[in-house]
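# Understanding the architecture of this molecule
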Amino acid sequence: MISFNNLIKTLKHGNVPLFMMIGNGGNNQFRYIKDLRSVLRDVVGQVPHGSSFLYFGDYPNKKNPDIGYAFQLLSELRPDINIYMIQIKEAIAWGIPKFVKNVYWHTDYSTKCKWGGVNNNKPCSNTKKWTLINKYIGISKVFILGGGEITLDEFKLIKQLKIDYIYYKIHRRYLGDGNTKINDKYTQRQKIGITYKKIE
């Protein structure tokens, strides 16, 4: 466990590049793990040895492969990467994945904005934390793997803050409800989700 100030000091130490990876959460997930692995191989090819990543606490589960599982695969592909977790204190019972170097728990959220995004035109919860970290340190690049409403909110901030990014059009498993499975009959827009043609 680490305080915000100590997280900033830790991330500044050694002047290593800092990255983010955001995308499909539990209601979307990833349709094919082989496609996810392919994307992650591309990601790690852009990341120098010993770099750091910010991770927002989606717990990894191979049976429900969302962005949390993507981080587990990332850590397996590149054990040299340091992954720092930022998450609301309410989720402390979920635990801390083994690949996490350290975790910052916070209470800076509301019922209107629990996990992140933008509320009243201001970044909130986990999103607010990474925008502050970007202000103090600078985020080198954000890797965007599909995503939902929060991802779209964060993309607007990424553009506004002029942070480099790369977007991957990766198929989701569910139709945004964590229940309705995507099949080959669905359109490309439905297979990718809300970020389709809204992030390029």
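In this text the structure is predicted, and so the values were computed from the model without any measurement. (Residues numbered from 1 in each chain as written. Predicted model: local features only at pLDDT ≥ 70, side-chain atom pairs only at ≥ 80, totals over all residues. Heavy atoms only, no water.)

### Here's the deal with the side chain of Asp66
Within the secondary structure, Asp66 sits in the loop between β2 (52-55) and α3 (67-77). The buried charged residue Asp66 lacks any salt bridge, with Arg173 as its nearest oppositely charged partner at 9.9 Å. For Asp66, the residues in contact, after removing those within four places along its chain, are Asn24, Gly25, Gly26, Gln29, Phe30, Asp58 and Tyr59. (Helix = DSSP H or I, 4+ residues; strand = E, 2+ residues; numbered from the N terminus. Buried < 20%, exposed > 50% of the residue type's maximum accessible area, 1.4 Å probe, protein only. Lys, Arg positive; Asp, Glu negative; His and termini not counted. Salt bridge = Lys/Arg side-chain N within 4 Å of Asp/Glu carboxyl O. Contact = heavy atoms within 4.5 Å.)

### Considerations on the nonpolar core
Counting 28 residues, the largest nonpolar core has Met21, Leu36, Phe53, Phe71, Leu74, Phe143 and Leu145 as the members making the most contacts within it. Taken together, the elements giving at least two residues each to this core come down to β1 (18-23), α2 (33-44), β2, α3, β3 (82-88), β4 (100-106) and β7 (141-145). Residues within four places of Leu36 in sequence aside, it is in contact with Phe30, Tyr69, Ala70, Leu73, Leu145 and Ile170. If you look at the next biggest cluster of nonpolar residues, it comprises 27 residues, including Leu7, Leu18, Met20 and Phe56. (Core = buried A, V, L, I, M, F, W, Y, C linked by side-chain atoms within 4.5 Å.)

### Topic: the pattern of salt bridges
Counted under the stated rule, the structure contains 8 salt bridges. For Asp184, the salt bridge goes to Arg31, with nearest N and O atoms at 3.0 Å. Taken as a pair, Asp184 in the loop between β8 (165-168) and α6 (188-192) and Arg31 in the loop between β1 and α2 lie far apart in primary sequence, 153 residues in all. When the shortest N-O distance is used, the salt bridge between Glu200 and Lys169 registers 3.7 Å. One end of the pair, Glu200, is in the segment after α6; the other, Lys169, is in the loop between β8 and α6, with 31 residues separating them in the sequence. On the accessibility criterion, Glu200 (53% relative accessible area) is exposed.

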